[in-house]
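# Inside the fold
Below are the chains, spelled out letter by letter.
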Amino acid sequence: MFRTLAVAAAAVALASPLAVHAQDKQDGLWHGDASLGGALSSGNNDSMTLSANANTTRATTQDKISLYGVGNYGRTKVDGVKSTSADLLRLGGRYDFNLSPDWFAFGAAEGETDKAGAGVRDRYSLNGGMGYHVLREERHTFDVFGGVGYTDTRFIDGTSDTGAQGLLGEESKHKLTDTTSFKQRLTYHPKSGDLGTRVNFDAGLSTQISGGWTLNTGLSSHYNSVVPEGLKKTESLLTVGFGYKF
């Protein structure tokens, strides 16, 4: 896990010596981006992968609503035998309410399935807590947050883990140039009862090509200390694709 996170951190450093993306527009309108990428190969072995990512926010001076979705699907055929190599789908959202210029309260919900990668048939979580705006400038933002939540995970081997779990995290956005932005997010769920430790890192670099069209590079690394037998605890995904920003 630590080697994977080190690679992720190195990628962030190479992407920007500063860090992340511009402050959300507080105009009460929805703004966001969506990207799509994939690969197809044929020959002795056939394979196909498709990845999609979408984010949207609606912010005012008082609160903010954030919605996101991530999908990754892959199929392979070796010696005429087809198999699914990836089937990740994650959807979630968060509501932030500003208590002061620096402090905010939040509530979040997320649903996920990742049978091929992490052996997760389905996972649902609800979280709530408080956060602090460490940096809140026009071109750069950085937040830290923490709280508690409830997680219900069911694995493909028939086992399940359910209970309360803590949450610690940080996220930042940076506008590097007028056409290039970067964002990253790290969350940590410590072990609690039968629930294992989970660490999620996501980063994205977006460059405007023409109008609202962008070239996007994304990196995701997810660690789960409890997985079905035969599966790795760390799963990483690097994607390159085209997108649209609105």
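Scroll up to find the structure.
In this report, we go over the structure that sits alongside the text. Note that the coordinates shown come from a computational prediction; the quantities given were computed from them, not determined experimentally.

## Some points on the environment of Phe242
- Turning to its location among the elements, Phe242 is positioned in strand β12 (residues 234-245).
- Judged by its relative accessible area of 56%, Phe242 falls in the exposed class.
- On a C-alpha basis, the gap between Phe242 and Ile209 in space is 9.4 Å, while along the polypeptide they are 33 residues apart.
- When near neighbours in sequence (up to four residues on either side) are disregarded, Phe242 contacts Ala34, Ser35, Leu36, Ile209, Thr214, Leu215 and Asn216.

## Looking at the environment of Ser100
- Positionally, Ser100 belongs in the loop between β4 (81-98) and β5 (103-114).
- Distance from Ser100 to His133, taken between C-alpha atoms, is 9.8 Å for residues 33 residues apart in sequence.
- At a separation of 3.1 Å, a polar atom in the side chain of Ser100 contacts the main-chain amide nitrogen of Trp103.

## With respect to the packing of aromatic side chains
- Under the counting rule described, the total for this entry stands at three aromatic pairs.
- Taking 5.1 Å as the distance between ring centres and 70 degrees as the angle between the ring planes, the aromatic pair formed by Trp213 and Tyr244 counts as edge-to-face. Placement of the pair is Trp213 in strand β11 (residues 213-224) and Tyr244 in strand β12, with a sequence separation of 31 residues.
- Classification of Trp213 as exposed rests on a relative accessible area of 52%.
- A cation over a ring is seen here: Arg94 above Phe106, with NZ or CZ 5.3 Å from the ring centre.
- Against the face of Phe145 rests Arg94, its NZ or CZ located 5.0 Å from the ring centre.

## Points about a nonpolar patch on the surface
- Together, Trp30, Leu67, Ile209, Trp213, Leu215, Val240, Phe242, Tyr244 and Phe246 make up an exposed nonpolar region whose accessible area comes to about 950 Å².
- Secondary-structure elements contributing two or more residues to the nonpolar patch are β11 and β12.
- Considering each element in turn, the nonpolar patch owes the most residues, three residues, to β12.
- Within the element layout of this structure, Trp30 appears in strand β1 (residues 30-41).
- Judged by relative accessible area, which is 39%, Trp30 ranks as partly exposed.

Analysis parameters
Residues numbered from 1 in each chain as written. Predicted model: local features only at pLDDT ≥ 70, side-chain atom pairs only at ≥ 80, totals over all residues. Heavy atoms only, no water. Helix = DSSP H or I, 4+ residues; strand = E, 2+ residues; numbered from the N terminus. Buried < 20%, exposed > 50% of the residue type's maximum accessible area, 1.4 Å probe, protein only. Contact = heavy atoms within 4.5 Å. Polar contact = N/O pair within 3.5 Å; in protein donor to acceptor, adjacent residues only side chain to side chain. Phe/Tyr/Trp six-rings, centres within 6.5 Å; stacked < 30°, edge-to-face > 60°. Lys NZ or Arg CZ within 6 Å of the ring centre and 35° of its normal. Patch = residues over 30% accessible without salt bridge, like charges linked within 9 Å, V, L, I, M, F, W, Y side chains within 5 Å. Areas by Shrake-Rupley, 256 points an atom, 1.4 Å probe, with all protein chains shown as cover. Salt bridge = Lys/Arg side-chain N within 4 Å of Asp/Glu carboxyl O.

Honestly, it's all geometry; don't read function into it.
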